[in-house]
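Residue-level structural notes
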Amino acid sequence: MCIKTKLQTCSISRIIENYLDRSEEKNNNKVGNKYEVLVEEQIEDNVYVGRTIYDAEEIDAIVYVKSIRNLQVGEFVNVVITDALEYDLMGVIEDEFTE
């Protein structure tokens, strides 16, 4: 491998690492906040995937939503973010679960 290729690989790795750090920091800042989420899919019993009005499909974070009620695809629900992952968020329906 030539020096130029090694430098390019190193630069790409730094860019990706920087992006992951910023993404995780951005997501961590959302924990505890409430967002309106569009339900897009049910992936398990009581677990849904959605996105906020601020997030573009297939580009930005998705929100994993836990709910005791049966949510409908296309429904908007108020979700409190409870945890942040590198790319995505986890939350519960507002007022549905108590700590």
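Quick note: structure is the one above.
What counts, and at which threshold
Residues numbered from 1 in each chain as written. Predicted model: local features only at pLDDT ≥ 70, side-chain atom pairs only at ≥ 80, totals over all residues. Heavy atoms only, no water. Helix = DSSP H or I, 4+ residues; strand = E, 2+ residues; numbered from the N terminus. Polar contact = N/O pair within 3.5 Å; in protein donor to acceptor, adjacent residues only side chain to side chain. Contact = heavy atoms within 4.5 Å. Pairing = 2+ DSSP bridges. Salt bridge = Lys/Arg side-chain N within 4 Å of Asp/Glu carboxyl O. Buried < 20%, exposed > 50% of the residue type's maximum accessible area, 1.4 Å probe, protein only.

Observations regarding the side chain of Asp55
- If you trace the backbone, Asp55 turns up in the loop between strand E2 (47-52) and strand E3 (63-66).
- Among the polar contacts listed, one links the side chain of Asp55 to the side chain of Thr52, at a separation of 2.7 Å.
- With near-sequence residues (within four places) excluded, Asp55 lies in contact with Lys30, Asp60 and Ala61.

Notes on the pairing of strand E1 (residues 34-44)
- Here E1 pairs with strand E4 (residues 76-84) via five bridges, running antiparallel. Of the residues in E4, the one forming a bridge with Glu36 is Asn78.
- Across six bridges, E1 lies against E2 in antiparallel orientation. Paired with Leu38 across the two strands is Arg51, which belongs to E2.
- Between the end of E1 and the start of E2, which pair antiparallel, lie two residues, with Asn46 showing a positive phi angle near 65°.

Looking at the pattern of salt bridges
- For the structure shown, the criterion picks out five salt bridges.
- A salt bridge links Arg51 to Glu57, with the shortest nitrogen-to-oxygen separation between them at 4.0 Å.
- Where Arg69 meets Glu96, a salt bridge forms, and the shortest distance between an N and an O atom there is 3.9 Å. Placement of the pair is Arg69 in the loop between E3 and E4 and Glu96 in the segment after strand E5 (89-93), with a sequence separation of 27 residues.
- A residue is classified by how much of its surface remains accessible, and Arg69, at 37% relative accessible area, is partly exposed.
- Shared partners join several salt bridges into a network, and the residues in it are Glu40, Arg51 and Glu57.

A few points about the environment of Phe76
- With respect to the element layout, Phe76 can be found in strand E4.
- A relative accessible area of 45% places Phe76 in the partly exposed class.
- For Phe76 and Tyr35, which are 41 residues apart along the polypeptide, the C-alpha to C-alpha distance reads 9.9 Å.
- Dropping the residues within four chain positions of it, Phe76 is found in contact with Glu36, Val37, Leu38 and Ile53.

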